2 protein chains.
Amino acid sequence: MMSSVSPPTRERLLQAVLTLLEGSQGRGVRMTDIARQAGITRQALYLHFSTRAELLVAATHYLDEVKGSEARLAPSRAAGSGAERLDAFIEAWGAYIPEIHGIAKALLAMKDTDREAARAWDARMQDMREGCEAAIEALDRDKMLSSALSPKQAADMLWTLLSVRNWEQLTRDCGWSQAAYIETLKALARRIFVAGGKPDRQDHGH
Amino acid sequence: MMSSVSPPTRERLLQAVLTLLEGSQGRGVRMTDIARQAGITRQALYLHFSTRAELLVAATHYLDEVKGSEARLAPSRAAGSGAERLDAFIEAWGAYIPEIHGIAKALLAMKDTDREAARAWDARMQDMREGCEAAIEALDRDKMLSSALSPKQAADMLWTLLSVRNWEQLTRDCGWSQAAYIETLKALARRIFVAGGKPDRQDHGH
DNA sequence: TATGTCAATTGACACGGTGTCAAGCAACAA
DNA sequence: TTGTTGCTTGACACCGTGTCAATTGACATA
């Protein structure tokens, strides 16, 4: 019954997906390509995953396992003040995006046609949203959340601001470096969400 | 030679695209569907547009013509101060998004596979970017651009902030009303881009 | 009335990509 | 020897896009 415990091949397939997706940012990676990359036949691939969507979803989970998505966002929970927490979260998530970008794009592309892919993606985004909510909540507890925004609005906004698409646009279309992305977004988030937050610092040089 | 002057059928096809895309937000609208909606055969459709991408691109131009995309963004150029201009631009663009959303999604979905579609979309986004740049520039001229951001950074950020994807996320996934979207983004943009801009107004209630 | 042209029709087919199925084969275990 | 497991080969169905050839009906023109 297809060996519920996982032998090499399944792993090799998952790896293949990740490798190919990394290279061709989610674009035009066919079942044939994946199978060949893993050293088996396209048909044999269906012995392990009955659907492209299923494979992609599994690859997503696999990647989480390997890269430890949970562990990544943890440091932000440890931070002291709400503002520090916000910073830490943006830093962690911002560093994570490039690693999941390939598969994220692939999943995103299937979202409109495949229910399972949509569910997998939405679940992921829900996780990430919880991080946003937690950061905003911490800020709110500190009475440091900008009074211009309700916690819900703020969470929505932060969540949107940190979307993969936005990272893609800033980083690809606008040519921002990864470091610039993180720094600018941290500064921006402070300005937006932290009460009275650095309205316009002119500290160095009068 | 396909009659360079446009008889009814071509228009009907364009209309059909818009209608169908409106209904099914860019999802699964096939050539067959479009042809049927216009009352002709799928094959006959190829007498007018030789490619799905071409049809979609033409539909985009057609929509511009009908809804006057140029005229929409014009008022923002007339505004007095840079801040007012920013407001006007967000309002105009924000009101425009829902109208182009269907076709935007369809184009966006093809972007990765079709060069023409990508070009059409990028051109559109370039137009919109010019609006962003103009608004930021006006702000800069007024010496009201936040010193935390360079004009280029600011334009990149505004452009990203106002993306169709973000509108979609806030409006669909977060459940914001169209009015809330516009109001919140206007406030946000002021806070982000306008120097010293409304850091945290506590006006109503002590 | 005959001729031509134009828009559309019907029906068939190619291609690429996903998913399915049947038969066979090599390796290993009992 | 028999069976099982994991894979192979080869064929095929389905779907959506794009192509082609032959035909038809309407309209204009000579």
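Just so it is clear, the model here is predicted, and its values are computed rather than measured. (Residues numbered from 1 in each chain as written. Chains lettered and ligands numbered in written order. Predicted model: local features only at pLDDT ≥ 70, side-chain atom pairs only at ≥ 80, totals over all residues. Heavy atoms only, no water.)

Moving on: the protein's contact with DNA strand D. DNA strand D sits among 17 residues. The nearest are Thr9(A), Thr41(A), His48(A), Arg42(B) and Arg52(B). Take His48(A): an N or O atom from its side chain is 2.7 Å from a phosphate oxygen of DNA strand D. Within the backbone of Arg52(B), an N or O atom sits 2.8 Å from a phosphate oxygen of DNA strand D. When residues of the surface near DNA strand D are traced back to their parent elements, those giving at least two are helix H3 (42-48) of chain A together with helix H3 (42-48) of chain B. The element contributing the most residues to the surface near DNA strand D is H3(A), with four residues. Taken together, the residues of the surface near DNA strand D sort by class into five nonpolar, nine polar and three charged. (Near = heavy atom within 4 Å. Polar contact = N/O pair within 3.5 Å; in protein donor to acceptor, adjacent residues only side chain to side chain. Helix = DSSP H or I, 4+ residues; strand = E, 2+ residues; numbered from the N terminus. Nonpolar A, V, L, I, M, F, W, Y, C, P; charged D, E, K, R; others polar.)

All names here are of chain A. According to the domain assignment, chain A consists of domain 1 (8-64) and domain 2 (70-193). Here domain 1 and domain 2 have C-alpha centroids that lie 27 Å from each other. Across the boundary between the two partners, domain 1 contributes 14 residues, which contact 16 residues of domain 2. A combined buried area of about 1,200 Å² lies between domain 1 and domain 2, and 68% of that area is made up of carbon and sulfur atoms. Looking at the side of domain 1 facing domain 2, the largest losses of area belong to Gln 25, Thr 60 and Leu 63, adding up to 34% of the total buried there. (Domains from an automatic or database assignment. Contact = heavy atoms within 4.5 Å. Buried area = accessible area lost by both parts, 1.4 Å probe.)

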